[in-house]
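Residue strings, one per chain:
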Amino acid sequence: MQEPIQIYHSGAELAARRKAAGLKQRELAQRAGCGRSAVQYWERRSRLDPTSWAVARMAQALGWVLPARIVHHNAHARGRGLRREIAEADALAAAMFEEWKAREVQRAATRRVVCGAKTRKGTPCRCKSEPGKRRCKFHGGKSTGPRTPEGIERIREAQRRRWKAEAARAHADCRC
Ligand SMILES: [Zn+2]
């Protein structure tokens, strides 16, 4: 009788896959329908228990085909096939992540957010931003930045002034 093989994925891998999907712990929890503390808990574990409800839900939410707890008694005969299966499942999951990321880039290019620039009244602007930009058409959303050498230099100079003022404020109280 040979040793059974048990292959576990790590909590670190779960964390890596979550980050690759561009999700915060809270967001993964929301998608998986579990608590954020469950995400935290499992990401810290060295081994993921695939029979755990939360682990299964999180894997599903990430499009990750997590092999069930695997125990084979004739390890040498089946070990290689098993590893290949897992490698294939991982490759599939990785491909799904790539797709997801590509979709996310596309979405980001057309996403419209609330502008929020400070208006003359001092209140944040409530207009929608230009697609893929942070600001509305009135607050620079249409701007493509300076083009002429003079314009570029003017912006540089303004930035230098801004940083100087910032540094002066930061060092107002210290004696460095
Ligand atoms: Zn605006």
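Cut-off values and rules
Residues numbered from 1 in each chain as written. Predicted model: local features only at pLDDT ≥ 70, side-chain atom pairs only at ≥ 80, totals over all residues. Heavy atoms only, no water. Phe/Tyr/Trp six-rings, centres within 6.5 Å; stacked < 30°, edge-to-face > 60°. Buried < 20%, exposed > 50% of the residue type's maximum accessible area, 1.4 Å probe, protein only. Donors = N, O, S within 2.8 Å, 3.2 Å for Na, K, Ca; no water. Tetrahedral: all angles 85-135°; square planar, octahedral: opposite > 155°, others 65-115°. pLDDT = per-residue confidence, 0-100. Helix = DSSP H or I, 4+ residues; strand = E, 2+ residues; numbered from the N terminus.

Side note on the packing of aromatic side chains
For step 1, the next point in the chain: Per the counting criterion, the structure on display carries one aromatic pair.
For step 2, the next point in the chain: Geometrically, the ring pair formed by Tyr41 and Trp42 is edge-to-face, given 5.0 Å between the ring centres and 85 degrees between the ring planes.
For step 3, the next point in the chain: For Tyr41, a relative accessible area of 40% gives the class partly exposed.
For step 4, the next point in the chain: Among the residues examined, Trp42 registers a relative accessible area of 12% and is labelled buried.

Looking at the coordination of the zinc ion
For step 1, the next point in the chain: Note on the zinc ion: its protein donors are Cys115 (SG), Cys125 (SG), Cys136 (SG) and His139 (ND1). The metal-donor distances range over 2.0 to 2.4 Å.
For step 2, the next point in the chain: Considering all four donor atoms around the zinc ion, the spread of angles at the metal, 103 to 118 degrees, places the coordination shape in the tetrahedral class.

Considerations on the confidence of the model for the chain
For step 1, the next point in the chain: The pLDDT averaged across the chain works out to 84; a share of 87% of its residues lies at or above 70.
For step 2, the next point in the chain: Helix H5 (residues 75-110) is the least confidently modelled element of the chain, averaging 75 in pLDDT, while helix H2 (residues 25-32) averages 95, the highest of any element.

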